[in-house]
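Chain by chain, the residues run as shown.
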Amino acid sequence: MLEITQLVAGYGNIKALKTVDISVPEGAIVSLIGANGAGKTTTMKSIMGLVQPGAGQITFQGQNITGLAVHKVVNLGISLVPEGRSILSQMTVLENLEMGAYQRKDNSIQSDLEKVFKRFPILEERKTQLGGTLSGGQQQMLAIGRALMARPKLLLLDEPSMGLAPLVVADIFKVIQEINAEGTTILLVEQNVRQAIKIAHYAYVMETGRIVLHGKSEDIANDPRVMEAYLGGR
Ligand code: ATP
């Protein structure tokens, strides 16, 4: 569904991505893991059109989307839940969710809103509260709900479990699996390596701007290098 080929990207003189190849099959959960600064967020931003690649190609459902404007990428069916959530704290929960659908012109926005409320009942209960008054876990649910309001075929999640308590983290991973089971393909960036590999079909390991290892998630989980570097030796 998404093919990233020989992608190079950076910020001025900083080459954040040296050559990145990732393939996300339709219907899968693909996890991208790696240390801080490896280039995971830059990969997500390149897909969304938030960072202009220097070389390489990104195709989505066979269409070249390399360097395409963000709103066009969203319209094709890709949404990003950014690192740090980017909730609009001075807007209500409902307004935050409506922001996710601002580009849509169809008549199903209301029914999608109802679906988000069904998935996250706490957001319905708090729909008139300001985004900034929610707990960290609720804000993450709001960020996911907002991304779903764009009706993505491919959902990009950048460190959704960051800063959350273990029980809330478990909820978030469960929600990701449910969204996937209902037909949305997922590319997940996570520091929580064990759980990210566990729920994924495929995993990629990134180090300093390159993919150093990839494969089926069970093979990656059993790879001695991954065990040593990311799973505490087990
Ligand atoms: P993290 O888990 O810390 O978010 P990451 O794997 O997502 O790490 P990136 O955020 O993609 O890594 O960063 C890759 C490299 O690009 C790092 O060396 C980082 O310092 C650099 N970088 C990221 N954003 C910028 C920016 N806006 N301007 C300059 N350099 C940047």
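Just above sits the structure.
No experiment lies behind these values; they were computed from the predicted model shown. (Residues numbered from 1 in each chain as written. Predicted model: local features only at pLDDT ≥ 70, side-chain atom pairs only at ≥ 80, totals over all residues. Heavy atoms only, no water.)

Enquirer: Looking at this structure, I do not really get helix α7 (residues 166–181). What am I missing?
Expert: Since the α-helix packs 3.6 residues into each turn, any two residues three or four apart lie on the same face. Between its first and last C-alpha, α7 extends 23 Å over 16 residues, near the 22 Å set by a 1.5 Å rise per residue. Turning to α7, its buried residues number three or more, namely Val169, Ile172, Phe173, Val175, Ile176, Ile179 and Asn180. Buried residues of α7, seen end-on, are gathered within an arc of 155° and therefore sit on one face of the element. Facing away from the buried side of α7 by more than 90 degrees, the exposed set consists of Leu167 and Ala181. Buried residues in α7 make contact with β3 (29–34), α4 (109–119), α6 (136–148), β7 (154–158), β8 (185–189) and α8 (193–199). Directly after α7, the chain includes glycine 183, whose backbone phi takes a positive value near 115°. (Helix = DSSP H or I, 4+ residues; strand = E, 2+ residues; numbered from the N terminus. Expected span 1.5 Å × (residues − 1). Buried < 20%, exposed > 50% of the residue type's maximum accessible area, 1.4 Å probe, protein only. Arc of directions from axis to C-beta. Contact = heavy atoms within 4.5 Å.)

Enquirer: How do you make sense of the site of the ligand when you look at a structure like this?
Expert: In the vicinity of the ligand, 14 residues are found, and the nearest of them are Gly37, Gly39, Lys40, Thr41 and Thr42. At a separation of 3.1 Å, an oxygen atom of the ligand approaches a polar backbone atom of alanine 38. Backbone polar atom of threonine 41 to an oxygen atom of the ligand: 2.7 Å apart, as the coordinates give it. Secondary structure elements with two or more residues in the shell around the ligand: β2 (14–24) and α1 (40–48). If you tally residues by element for the shell around the ligand, the top one is α1, at three residues. Looking at the shell around the ligand, its residues break down into five nonpolar, six polar and three charged. (Near = heavy atom within 4 Å. Polar contact = N/O pair within 3.5 Å; in protein donor to acceptor, adjacent residues only side chain to side chain. Nonpolar A, V, L, I, M, F, W, Y, C, P; charged D, E, K, R; others polar.)

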